[in-house]
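For reference, the chains in residue letters:
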Amino acid sequence: GQNIDQPTEMTATEGAIVQINCTYQTSGFNGLFWYQQHAGEAPTFLSYNVLDGLEEKGRFSSFLSRSKGYSYLLLKELQMKDSASYLCAVRALGRGSQGNLIFGKGTKLSVKP
Amino acid sequence: EAGVAQSPRYKIIEKRQSVAFWCNPISGHATLYWYQQILGQGPKLLIQFQNNGVVDDSQLPKDRFSAERLKGVDSTLKIQPAKLEDSAVYLCASSIMGKVGEKLFFGSGTQLSVL
């Protein structure tokens, strides 16, 4: 079966650092995505990892360990506008040649002053 | 660059009625996806098109849901008849070629309430 786990909710303080974890068990692996989704809006792309290691992009970094089925999204210097849901998504095997993009339930991050 | 366009933004219907959603992907994007996002959950793939052909519709409840992308551009998703459990946001997304590492661009979605 396909399973992606991430915490339901997290709270952090403005200016701090927060790490959102994601573990996955899928049929095959063709990469892992992180998306940000503000309430009532479309998900927007944050990062993509296909090889082990850390990918850094400004205040956001994403890490992948394929052997452990684990990823995290690191957000630095938190701002109020970072309050949103963060979706972990894995490309697993599927009918298409590129596989299916399977989403976790999302982690709702609340940033407080 | 224009994003993925969806309409309507909101729709309220009674159970057993029919409803249709429309999506216009980013120009030049060959791959189009319809996702269902129930409140508090992540998006779930319903159907994926490559140009005007269906790549994957394994999770589409075909007894009531149908989708088409006749000219390989716009797409329509229909529900007939609707059930209470169909209440969700229906997201359309597109990508350039549907390759493994390509990111998906999502529309703002249609929020469906079935009463």
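One can find the structure itself at the top, above this paragraph.
This is a predicted model, so every value here is computed, not measured. (Residues numbered from 1 in each chain as written. Chains lettered and ligands numbered in written order. Predicted model: local features only at pLDDT ≥ 70, side-chain atom pairs only at ≥ 80, totals over all residues. Heavy atoms only, no water.)

Enquirer: Describe the interface of chain B and chain A, with residues and values.
Expert: The interface is formed by 27 residues belonging to chain B together with 20 residues belonging to chain A. Summed over the shared surface of chain B and chain A, the number is three residue pairs in polar contact (both at pLDDT 80 or more). Mapped onto the side of chain B that touches chain A, the elements with two or more residues apiece are β4 (31-37), β5 (44-50) and β6 (53-56) of chain B. Ranked by residues supplied to the side of chain B that touches chain A, first place goes to β4 of chain B with four residues. Looking at side-chain class alone, the side of chain B that touches chain A contains nine nonpolar, twelve polar and six charged residues. (Contact = heavy atoms within 4.5 Å. Polar contact = N/O pair within 3.5 Å; in protein donor to acceptor, adjacent residues only side chain to side chain. Helix = DSSP H or I, 4+ residues; strand = E, 2+ residues; numbered from the N terminus. Nonpolar A, V, L, I, M, F, W, Y, C, P; charged D, E, K, R; others polar.)

Enquirer: Run through the side chain of Q37 of chain B, naming residues and quoting values.
Expert: Note on placement: Q37 of chain B falls in strand β4. For Q37 of chain B, a relative accessible area of 10% puts it in the buried group. At 3.0 Å, the side chain of Q37 of chain B and the side chain of Q37 of chain A are in polar contact. Engagement of the side chain of Q37 of chain B in a polar contact is seen with the backbone oxygen of Q41 of chain B, the distance being 3.0 Å. Sequence-distant contacts of Q37 of chain B, that is, excluding residues within four places in its chain, are made with Q37 of chain A together with G42, P43, A88, V89 and L91 of chain B. (Buried < 20%, exposed > 50% of the residue type's maximum accessible area, 1.4 Å probe, protein only.)

Enquirer: Which residues make up the sheet that holds strand β8 (residues 75-79) of chain B, and what are the values?
Expert: Remark on secondary structure: sheet strands pair via backbone hydrogen bonds, oriented parallel or antiparallel. Residues and elements named next belong to chain B. With antiparallel pairing, the four strands of this open sheet are ordered in space as β1-β3-β8-β7. With partners counted over all chains shown, the strands left at the sheet margins are β1 (5-7) and β7 (65-68), one partner each. Each strand of the sheet is rotated relative to its neighbour by a mean of 15°, with strand direction disregarded. For β7 and β8, the ladder comprises four bridges, and the chain directions are antiparallel. The residue of β8 that forms the bridge with A67 is L77. (Pairing = 2+ DSSP bridges. Axes fitted to C-alpha atoms, helices over the stretch in contact; angles between N-to-C directions.)

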